[in-house]
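# Summary of structural features
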Amino acid sequence: MLERRPAPRHADRPITVGADRGYDVAEFIEALQDMNMVPHVAAKTQGSAVPEAIKETEGYAVSLRRRKMIEEAFGWVKEIGTLGRVMLRGLDRIRGEVLLNFAAYNLVRLGNLLAPSD
């Protein structure tokens, strides 16, 4: 999939690739760097293949925070929403269920975002 990537939106910005900790292996990191991509892979606590120069950048920290936000949304729709056990058949019905669940998640999140702070 990475080889079929579209052209970058900004020629002066490198393409970054985010991945889970399971992808923190030297072969994957080297392959990304050979394709001129910056690996924003969640680093293992010991024996990480992600270079320290990348881990120290602000973009890497932003990538980790954004990934956490995405994982929280998927966790919510599986635990609280109805995607933990989908009882539908057909892609159109499942797409509708996913849309409904993420819309509900956004409404819950919107209530938290708009709540007055103390």
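Now for a description of the structure that goes with this document. (Residues numbered from 1 in each chain as written. Predicted model: local features only at pLDDT ≥ 70, side-chain atom pairs only at ≥ 80, totals over all residues. Heavy atoms only, no water.)

### Focus: the overall build of the chain
To keep it simple, the criterion reads: Secondary structure elements are defined from DSSP: runs of H or I of at least 4 residues count as helices, runs of E of at least 2 residues count as strands, and each element is numbered from the N terminus. It is over C-alpha atoms that the radius of gyration is taken, and the globule rule equals 2.2 Å times the number of residues to the power 0.38. Categorising residues by exposure relies on relative accessible area from a 1.4 Å probe, with only protein chains included: less than 20% of the type maximum marks a residue as buried, more than 50% marks it as exposed, and the intermediate range marks it as partly exposed. Contact criterion: two residues are considered in contact whenever any of their non-hydrogen atoms come within 4.5 Å of each other. Only the protein chains shown count as cover for residues, and the accessible areas themselves come from Shrake-Rupley with a 1.4 Å probe. Lys and Arg are tallied as positive, Asp and Glu as negative. Neither His nor the chain termini are counted. Just so you know, the charge point we use is NZ for Lys, CZ for Arg, CG for Asp and CD for Glu.
The helix and strand inventory of the chain stands at four helices and two strands. Walking the chain from its N terminus toward its C terminus, one meets helices and strands in the order β-α-β-α-α-α. Taken against the 2.2 N^0.38 rule, which gives 13 Å for 118 residues, the C-alpha radius of gyration of the chain at 18 Å runs more than 25% over that of a compact globule. Considered along the principal axes of its C-alpha atoms, the chain spans approximately 45 × 40 × 35 Å. The buried share of the chain, taken over its 118 residues, is 20%. The long-range fraction of contacts in the chain, counting pairs at least 24 apart against all pairs at least 6 apart in sequence, stands at 32%. Of the roughly 9,400 Å² of accessible surface on the chain, 55% is carried by carbon and sulfur atoms. Side chains of the chain give 17 positive and 16 negative charges; the mean places of these two sets differ by 7 Å.

### A closer look at the pairing of strand β2 (residues 37-41)
Regular strands place side chains that alternate from one sheet face to the opposite one. Let me state the cut-off plainly: The definition of a right-handed crossover adopted here requires that, viewed with the strands pointing away, the path from the first strand over the helix to the second runs clockwise.
By the criterion of burial, β2 is predominantly enclosed, with four of the five residues buried. What joins strand β1 (residues 15-19) to β2 is helix α1 (residues 26-34), and the crossover it makes is right-handed.

### Structural notes on the pairing of β1
Put simply, the rule reads: Two strands are said to pair when DSSP picks up at least two bridges between them.
In the sheet, β1 pairs with β2 via five bridges, with the strands oriented parallel. Paired with Gly18 across the two strands is His40, which belongs to β2.

### Some remarks on unusual backbone geometry
We note that Asn36 has phi near 60°; this positive angle belongs to a residue other than glycine. In this structure Asn36 comes out as exposed when scored by relative accessible area, which is 66%.

### Examining the packing of aromatic side chains
So the rule is basically this: In summary, the pairing rule links any two rings of Phe, Tyr or Trp, Trp by its six-membered ring, whose centres are within 6.5 Å, and it sorts them by plane angle into stacked for under 30 degrees, edge-to-face for over 60 and tilted for everything else.
The final tally for this structure, using the stated rule, is three aromatic pairs. Between the aromatic rings of Trp76 and Tyr105, the centroid separation amounts to 5.5 Å while the plane-to-plane angle is 55°, which identifies the pairing as tilted. With Trp76 in helix α3 (residues 58-79) and Tyr105 in helix α4 (residues 91-114), this residue pair connects regions lying 29 residues apart in the sequence.

### Notes on the pattern of salt bridges
Here the idea is simple: oppositely charged side chains can pair when their charged atoms come close. Let me state the cut-off plainly: We count a salt bridge whenever a side-chain nitrogen from Lys or Arg sits within 4 Å of a carboxyl oxygen from Asp or Glu.
All told, the structure shown has three salt bridges when counted by the stated rule. Salt-bridge contacts for Lys68 lead to Glu72; the nearest nitrogen and oxygen are separated by 2.6 Å. Residue Lys68 and its partner Glu72 are located together in helix α3, separated by four residues, close to a single helical turn. Given a relative accessible area of 52%, Lys68 falls into the exposed group. We classify Glu72 as partly exposed; its relative accessible area is 41%.

### Things to note about α3
The following threshold applies: Each residue after the first adds 1.5 Å to the expected span of a helix.
With 22 residues, α3 ought to run about 32 Å at 1.5 Å a step, and its terminal C-alpha atoms sit 32 Å apart, in line with that. On its buried side, α3 packs onto β1, β2, α2 (52-55) and α4.

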